[in-house]
Amino acid sequence: MAHEDDTRQAVPSTPRTRTEGDGVTRRRPLRERHVEETVDVAVPVRTAYNQWTQFKTFPRFSTVVRGVDQIRPTVTAWTIGYGLLRHRFAVEIVEQDPDAYLAWRALEQHPSHQGEMEFRPTKSGGTAITVRLLLEPRGAARILNRSSWAARLTARLVRGELVKFKQFIEGVGQEGGAWRGTIRNGRVQHDHPEPPRSRVAQWPVG
């Protein structure tokens, strides 16, 4: 399990990119990070990925997620907290490859973060799920973030959530739904792009 507790040891923040056969340049992975955690799950990659992307089910296994609302196709609003304490913030998915990769950024300002997940098949037929987080606090919170304490606390939380997900999906054995779309630069990619529309309502083009 990798922990990058000291921000001074982090590598430069510019993420690596790679160009696929379709000519699209994709960001991966998040090079500078404060937290990295991996857990092996005893279900196939497709099952693990499908269930993870059912964000509204997170309260069923999470100890901190209280609710998730879909705002737009690539934007969700998360409510997290303990007891009576609640915090709500929006998250935008910027990259998503089915069964492989998911990257997001928080839209809040104080503090903010970005993160990514990788889903990789294991030799046993299961899935290795890796989460990386880059914390981006503002103002006085930056002082706390410079300490290894903040990174350790976040890593412990992330690890706990991954273990809860592992127990949940292994317990049910199959996903409760799936979203198999692809996202590039915060936009959902469609297999069959819609034709251009006329500015006059309901008038076809061509």
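About the cut-offs
- Residues numbered from 1 in each chain as written.
- Predicted model: local features only at pLDDT ≥ 70, side-chain atom pairs only at ≥ 80, totals over all residues.
- Heavy atoms only, no water.
- Helix = DSSP H or I, 4+ residues; strand = E, 2+ residues; numbered from the N terminus.
- Buried < 20%, exposed > 50% of the residue type's maximum accessible area, 1.4 Å probe, protein only.
- Contact = heavy atoms within 4.5 Å.
- Areas by Shrake-Rupley, 256 points an atom, 1.4 Å probe, with all protein chains shown as cover.
- Salt bridge = Lys/Arg side-chain N within 4 Å of Asp/Glu carboxyl O.
- Core = buried A, V, L, I, M, F, W, Y, C linked by side-chain atoms within 4.5 Å.
- Phe/Tyr/Trp six-rings, centres within 6.5 Å; stacked < 30°, edge-to-face > 60°.

Caption draft 1: Focus on the overall build of the chain. Along the backbone of the chain there are three helices and 11 strands. Within the chain, the fraction of its 206 residues that count as buried is 43%. Residue pairs in contact within the chain that sit at least 24 positions apart in sequence constitute 53% of those at least 6 positions apart. In the form shown here, the chain has an accessible surface area of approximately 12200 Å², with 52% of it arising from carbon and sulfur atoms.

Caption draft 2: Molecular detail of the side chain of Thr154. Structurally, the position occupied by Thr154 is in helix 3 (residues 148-172). Leave out the neighbours within four places in its chain, and Thr154 touches Val35, Leu133 and Leu135.

Caption draft 3: Broad picture of the pattern of salt bridges. Applying the stated criterion to the full structure yields 10 salt bridges. Put simply, Asp99 and Arg180 hold a salt bridge, and the shortest N to O gap is 2.6 Å. Here the residue Asp99 occupies a position in the loop between strand 6 (87-97) and strand 7 (101-106), and Arg180 occupies one in the loop between helix 3 and strand 10 (182-184), the gap between them amounting to 81 residues. The salt bridge involving Arg132 is made with Glu118; its shortest N-O contact spans 3.1 Å. Here Arg132, found in strand 9 (residues 127-136), pairs with Glu118, found in strand 8 (residues 112-121); they are 14 residues apart in sequence, far enough to count as distant. The two residues Arg132 and Glu118 agree in class, both being buried.

Caption draft 4: Broad picture of the nonpolar core. Counting residues in hydrophobic clusters, the biggest one holds 32 residues, and the most contacted among them are Trp52, Phe55, Trp78, Met117, Phe119 and Ile129. Going through the elements one at a time, strand 3 (35-41), helix 1 (45-52), strand 4 (65-72), strand 6, strand 7, strand 8, strand 9 and helix 3 are the ones with two or more residues in this core. Per-element tally for this core: the top contributor is helix 3, with six residues. Sequence-distant contacts of Phe119, defined by excluding residues within four places in its chain, comprise Val45, Ala48, Tyr49, Trp52, Asp99, Ala100, Tyr101, Thr127, Ala128 and Ile129.

Caption draft 5: Spotlight on unusual backbone geometry. Positive phi, close to 65°, is recorded for Asp99, a residue that is not glycine. For Asn185, which is not glycine, the phi dihedral falls at a positive 50°. For Asn185, a relative accessible area of 64% translates into the label exposed.

Caption draft 6: Up close: the packing of aromatic side chains. Tallying each qualifying case throughout the model produces nine aromatic pairs. Their ring planes at 80° and their centres at 5.4 Å tell us that Tyr49 and Phe119 sit as a pair that is edge-to-face. Here Tyr49, found in helix 1, pairs with Phe119, found in strand 8; they are 70 residues apart in sequence, far enough to count as distant. An identical accessibility class is assigned to Tyr49 and Phe119; each is buried. When the ring of Trp52 is compared with that of Phe165, the centres are 4.8 Å apart and the planes differ by 80°; the resulting orientation is edge-to-face. One end of the pair, Trp52, is in helix 1; the other, Phe165, is in helix 3, and 113 residues separate them in sequence. Of the two residues, Trp52 and Phe165, both sit in the buried class. Through pairs of rings, three or more aromatic residues link up here, namely Trp52, Phe55, Phe58, Phe61, Trp78, Phe165 and Phe168.

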